[in-house]
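Close look at the chain arrangement
Each chain, letter by letter, is given below.
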Amino acid sequence: MVTASIASFAEVMAWLRGEVLGDPSLGRLELLTESSGATRAGLLIRDRARLAFVEAGRVPPPEFDVLILVGAPEPLVSALARLPVHRVHALSLPTLPGLLQRAVEEGIQAAQTVLRGRVADQLIDVGLALNRERDPRRMLELILRHGRAITNADAGSVYVVEDEGRRLRFRVAHNDSVTADFDEFTLPVSEASIVGACVRAGAIINLPDLTRETLLSHDRSFDDRFGYQTRSMLTVPMRTPEGHIVGAVQLINAKRGRGPLGEPGAFADRVHPFSDADARLVQALATQGAVALENANLYAEIEALFEGFVRASVTAIEQRDPSTSGHSQRVADLTVALAECVDRSDAPPFAAQRFSRQELREIEYAGLLHDFGKVGVREQVLIKAKKLHEGQLDRVLERFEHLRTATRLRWLEAQLRAGRSPDEPAALARLAADFARIDAWRAVVLQANEPTILPEQVSLLVHEVAALRFTDAGGRELALLDDELLAALLVPRGSLTVAEREEVESHVRHTYNFLIKIPWGRALSRVPEIAGKHHEYLNGTGYPSRLPGLEIPLQARLMTVSDIFDALTAADRPYKRAVPVARALDILHAEVAAGKVDRDVLSLFIEARVYERLGLRVP
C-alpha cells in the first residue's frame, strides 16, 4: 500500500489535528490564524513545553521552545539563514507521515529539554536573588513572582507561619486580572482553609477545578467582590531541610496565554489545572524560599540581638551618669542624619562619598557606643560636679569649724588669763572679727569650688587660705588646705584636675579596647575605629592618640561635631549649664578656627539644619 505524502503546511496542520484528536497525550494544539482565517502557525504544548510549526517565510510565534520550519527546500534554506540554529528544526516538503511523526516526537523532546533548561536557569536566578536579599517581604515577593512565571499562574499569594505554628499570616499577593489592595490578615492553621490544611498536613494540595471541589472549603468572598473565578489552585508548603514548615505558596488559575483573564468566558476557556510538573517545580521553589526565609529570620534575630546588646550597653553607661541620659542616642541620631546629608550632597568635599544602609547602621552603633568606655572611669570622677568631691568639701568645711572652735577656745583662754568677762563688748567684737575672717576664707573656698573660670584674684586668695595653719584641741598643727585640695581648687576651668581629666579622656581608649573584642563582622567592622576616634582633632591635639587629620575617618569627624553640639546644648548638667543653639554653633566655629573641627562638616551641619532632628531651632 502506497502512503500519500504530505506536501503543504496546511496538510501538516491537518495531520497534527488528527493525531492530537486520536491521542490527547501527544499534547494540546493551538492554531494561530491570519485575519483571513488561514492558519499561519501552530503550537503543540505538552507540560508547558511549546513546539511551534510555521511555514518557511512566515513570522514565527512570539513564544516557543523549539520551532519546526516547514516548506520546500529553497524557501527553507532562505528562512533558516535568518533564524537561530539551536532551537530551529527543518522539515522539508513533501514528506511522509512517518517522517513527520518522527520530526514531531524529536521536536517535543527537544522542546522539553529547552524548557527544563529554562526552568533550571529560573531556579538558579531565584536562588541567587534570594541569597542577595535580606528583607523578608521582598523575598516573598520574589518567590511568588517566579512561582507564577514558571507555572503561568494568573494569581497567587504567600503565607508565613506565626505564633509557633498556630497561625498563618497572609503577606503578599499578586493578581494579573484584578487590581486590589491586599491587606494582611491572619488565619488559624486548620482544615477550615485550603492553605491551613496544606500547612497542617505538610503536603501539596493540587485542585484542578474548585468549582467542582466538595471536600475542601474555599472562601469565595474575594471572587464575589471582584467578579473573579478561582478555578485551579496549587498550594505548596514551604519546608526547610530540617522539616520545619515556615509558610506556604498558593498559586491560582494556571492559564493559557500571558494576558489577564478579563474577556468573557476566559476563565472557562483559558484556565487549566496545574500539572504534576508544576507542583514539583513550585515545591523546589518553595524549598529555596523556606531556606532563604529562615536565613533571613535568623539574620534578623542576630541583628535584634546586636541591637539589644547595644541598647543595653547604652543603658549601662547612662545609669552611671543619669545627668547625661539620652546623650548617646542623640549623638547617634545627629551623626546618622549628618551622614545622610553627606550621602545626598553633590558639593565637592562630599560628592564622591556615599553611605550604604549597612554603613549608616555602622555609624549609628558607633554613635550609641561612643562613650561606652566611661564604664572604666571612676564614678566619682565621671559625675564630679564641682572641683572638690563631696567628701573633700566636707573635710574642708569641717576644718573651718575646727578653726572656729579653736579660735573661740583661744579667745576664752585669753579672757580668763586677763580676768576679764567673756561678755565684755570689746572682746566680743574681736571674736566676731576673727569669725568674719574665717567666714571670708570659707567663702573663698566655696567660690573657687565652682566649675567656672577661676578669676586671678580668687586664685590669690586660695593661696592665702592654703598658707593658714591652726592648732586643734590636741595640740596638732593643721592646714586648712593640703596640696591635693589646693591643686583641685586651682583648676582654672571646669571641675576636673589634670589627673582626673586624663582619667575621663581615657574612656575613649576603653571604648576602643572594649569594642574591638566584639566580632562585628564585615558590615560593622569599623564601629570600634569610628567610636574610638571621635575625640581626635584635625590639628593633632585630640585624644587619645593625637592623630593628624588624614588618619581620622569622615564618620568620626561627623561624630565629633554631633558630640560637641549635644554636649553644649543638652539640658543642664551639675557641672555646666546648657547653651542656646546659636551660642553652640559659635563655639563650634571657634573650634574650626582653632584647626580642631572639620569646616566642611560643620557647614553641612548648619546648612542642613541637622540640629532640628532634636527639635532645636535657631531663634
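The preceding data block contains the structure.
Please read all numbers here as calculations on a predicted model, not as lab measurements. (Residues numbered from 1 in each chain as written. Predicted model: local features only at pLDDT ≥ 70, side-chain atom pairs only at ≥ 80, totals over all residues. Heavy atoms only, no water.)

**What to know about the overall build of the protein chain**
In plain terms, the rule: Numbering of helices and strands starts at the N terminus; helices are DSSP runs of H or I of at least 4 residues and strands are runs of E of at least 2. The quantity called the radius of gyration is restricted to C-alpha atoms. Its globule counterpart is 2.2 Å times the number of residues to the power 0.38. Under the scheme applied here, a residue whose accessible area is under 20% of the maximum for its type counts as buried, over 50% as exposed, and between as partly exposed, the area being computed with a 1.4 Å probe on protein chains only. Using the Shrake-Rupley algorithm and a 1.4 Å probe, accessible areas are obtained, with residue cover drawn only from the displayed protein chains. This count recognises Lys and Arg as positive and Asp and Glu as negative, with His and chain-terminal groups excluded. To locate a charge, take NZ of a lysine, CZ of an arginine, CG of an aspartate or CD of a glutamate.
Of the regular secondary structure elements, the protein chain holds 20 helices and 14 strands. Relative to a compact globule of 619 residues, whose C-alpha radius of gyration would be 25 Å, the protein chain shows 43 Å and is clearly more extended. Across its three principal axes, the protein chain shows a C-alpha extent of roughly 165 × 55 × 45 Å. Within the span of the protein chain, comprising 619 residues, buried residues form 45% of the whole. Working note: accessible area of the protein chain is about 31,400 Å², and carbon and sulfur atoms make up 53% of it. Distance between charge centroids for the protein chain: 2 Å, based on 75 positive and 84 negative side chains.

**Notes on a negative patch on the surface**
To keep things clear, this is the line we draw: A patch is a set of surface residues, each over 30% in relative accessible area and not in a salt bridge, joined within 9 Å for like charges and within 5 Å for the nonpolar side chains Val, Leu, Ile, Met, Phe, Trp and Tyr. The term salt bridge refers to a side-chain nitrogen of Lys or Arg lying within 4 Å of a carboxyl oxygen of Asp or Glu.
The grouping of E390, D394, E398 and E401 at the surface amounts to a negative patch. Examined against the element boundaries, E401 turns out to sit in helix α12 (residues 390-418). Its relative accessible area of 44% is what places E401 among the partly exposed residues.

**Side note on the packing of aromatic side chains**
Selection rule: Any two of the Phe, Tyr and Trp rings considered here, Trp counted by its six-membered ring, make a pair once their centres fall within 6.5 Å; the pair's planes then place it as stacked at under 30 degrees, edge-to-face at over 60, or tilted in between. A ring has a charge above it when a Lys NZ or an Arg CZ is no more than 6 Å from the ring centre and no more than 35 degrees off the ring normal.
Across all of its chains, the model carries 14 aromatic pairs by this definition. Here Y365 and W520 contribute two aromatic rings whose centre-to-centre distance is 6.4 Å and whose plane-to-plane angle is 50°, an arrangement assigned as tilted. In this pair, Y365 sits in helix α10 (residues 357-368) while W520 sits in the loop between α16 (498-515) and α17 (527-532), placing the two residues 155 residues apart along the sequence. Using a relative accessible area of 7% as the deciding quantity, one classes W520 as buried. Here a set of aromatic residues connected by ring pairs shows up, and it is made of Y159, F170, F182, F185, F222, F226, Y228 and F267. Just above the ring of F435 sits the side chain of R404; from NZ or CZ to the centre is 4.2 Å.

**A word on α10**
Selection criterion: The span expected for a helix works out to 1.5 Å for each residue beyond the first. Note on contacts: a residue pair is in contact if any heavy atoms of the two residues lie within 4.5 Å.
Over its twelve residues, α10 runs 17 Å from end to end, which matches the ideal 16 Å to within 8%, given 1.5 Å per residue. Of all the residues in α10, the buried ones are Q358, L360, R361, E362, I363, Y365, A366, G367 and L368. In this structure, the buried residues of α10 make contact with α8 (276-320), α9 (327-344), α17 and α18 (554-569).

**Regarding unusual backbone geometry**
Here L93 and P94 are connected by a cis peptide whose omega angle stands at 0°. With respect to the secondary-structure elements, P94 resides in the loop between β5 (88-92) and α3 (97-132). For the bond running from Y543 to P544, omega is 10°, close enough to zero to count as cis. In this fold, P544 is placed in the loop between α17 and α18. With a phi close to 50°, R609 is a non-glycine residue in the positive phi region.

**A short note on the side chain of H535**
Operational definition: Pairing of N or O atoms within 3.5 Å defines a polar contact, subject to two protein rules: one partner must be a possible hydrogen donor and the other a possible acceptor, and residues neighboring in sequence count only if both atoms are side-chain atoms.
Along the chain, H535 falls in the loop between α17 and α18. Using a relative accessible area of 13% as the deciding quantity, one classes H535 as buried. Among the polar contacts made by the side chain of H535, one reaches the side chain of H534 at a distance of 3.3 Å. Those residues in contact with H535, other than ones at most four positions away along the chain, are H507, V508, G542, Y543 and D563.

**So, the packing of α9 against α18**
Between two packed helices, what matters for the description is the angle formed by their axes and the separation of those axes. For the record, the criterion: What counts as an axis is a line fitted to C-alpha atoms, over the stretch in contact for a helix, and the angles between N-to-C directions run from 0 to 180 degrees. Roughly parallel means an angle under 35 degrees; roughly antiparallel means over 145; roughly perpendicular covers 65 to 115; every other angle is labelled oblique. Left-handed describes a crossing whose near helix is turned anticlockwise from the far helix through less than a right angle; right-handed describes the clockwise counterpart. Gly counts as polar in this scheme, as do all residues outside two lists: the nonpolar Ala, Val, Leu, Ile, Met, Phe, Trp, Tyr, Cys and Pro, and the charged Asp, Glu, Lys and Arg.
Here α9 crosses α18 at 130°, and the two axes come no closer than 8 Å. When the interaxial angle is binned, α9 and α18 end up oblique. In terms of crossing hand, the pair formed by α9 and α18 is right-handed. Across the interface between the two elements, H327, R330, V331, L334, T335, L338, A339 and V342 from α9 touch L554, Q555, L558, M559, S562, D563, F565, D566 and A567 from α18. Class assignment for the residues of the contact of α9 with α18 results in ten nonpolar, four polar and three charged.

**Side note on helix α4 (residues 136-151)**
Compared with the 22 Å implied by 1.5 Å per residue over 16 residues, the 23 Å span of α4 between its first and last C-alpha is a close match. Buried residues of α4: M139, L140, L142, I143, L144, H146, G147, R148, I150 and T151, and no others. For α4, the side-chain oxygen to backbone nitrogen distance between the N-cap and R137 is 3.2 Å, and the N-cap itself is D135. Among the residues trailing α4, N152 stands out with phi positive, at a value near 55°.

**Structural notes on the nonpolar core**
Within soluble globular proteins, side chains that are nonpolar tend to cluster in buried spots. Put simply, the rule is: Definition of nonpolar core: a set of buried residues of the types Ala, Val, Leu, Ile, Met, Phe, Trp, Tyr and Cys, connected through side-chain atoms within 4.5 Å.
Grouped together as the largest cluster of nonpolar side chains are 56 residues, with contacts concentrated most on L16, L44, L51, F53, V104, L140 and M238. With eleven residues, the top contributor of residues to this core is α3.

**Comments concerning the side chain of N175**
Checked against the element boundaries, N175 lands in strand β7 (residues 167-175). Owing to a relative accessible area of 15%, N175 belongs among the buried residues under this scheme. Among the polar contacts listed, one links the side chain of N175 to the backbone nitrogen of S177, at a separation of 2.8 Å. Looking at N175, its side chain comes within polar contact range of the main-chain nitrogen of V178, at 3.0 Å. Residues in contact with N175, not counting those within four places in the same chain, are D154, A155, F182, F222 and Y228.

**Let's talk about the pattern of salt bridges**
For the coordinates displayed, the defined rule picks out 37 salt bridges. With its nearest N and O atoms 2.6 Å apart, the salt bridge here joins D176 to R148. Taken together, the positions of D176 in the loop between β7 and β8 (185-188) and R148 in helix α4 put the pair 28 residues apart, joining distant regions of the chain. Assessed through its relative accessible area of 41%, D176 is described here as partly exposed. Beyond isolated ion pairs, a larger network of salt bridges with shared partners links R50, E63, D65, R118 and R258.

**Observations concerning the environment of E30**
With respect to the helices, strands and loops of the structure, E30 is situated in strand β1 (residues 28-33). Expressed as a C-alpha distance, the spacing of E30 and L43, which sit 13 residues apart in the sequence, is 5.0 Å. Apart from the residues within four sequence positions on either side, E30 is in contact with A41, G42, L43, I45 and R256. At a separation of 3.1 Å, a polar atom in the side chain of E30 contacts the side chain of R28.

**Quick word on the sheet that holds β1**
Note the following rule: Two strands pair if DSSP finds at least two bridges between them.
Ordered by their spatial adjacency, five strands build an open sheet running β1-β2-β3-β4-β5, and the pairing between neighbours is mixed. Of all the strands in the sheet, just β1 and β5 have a single pairing partner and so form its edges. This sheet shows a mean twist of 20° between the axes of neighbouring strands, independent of strand direction. Pairing analysis gives six bridges linking β1 to strand β2 (residues 39-46), with the strands arranged antiparallel. Note that in β2 the partner of E30 across the bridge is L43.

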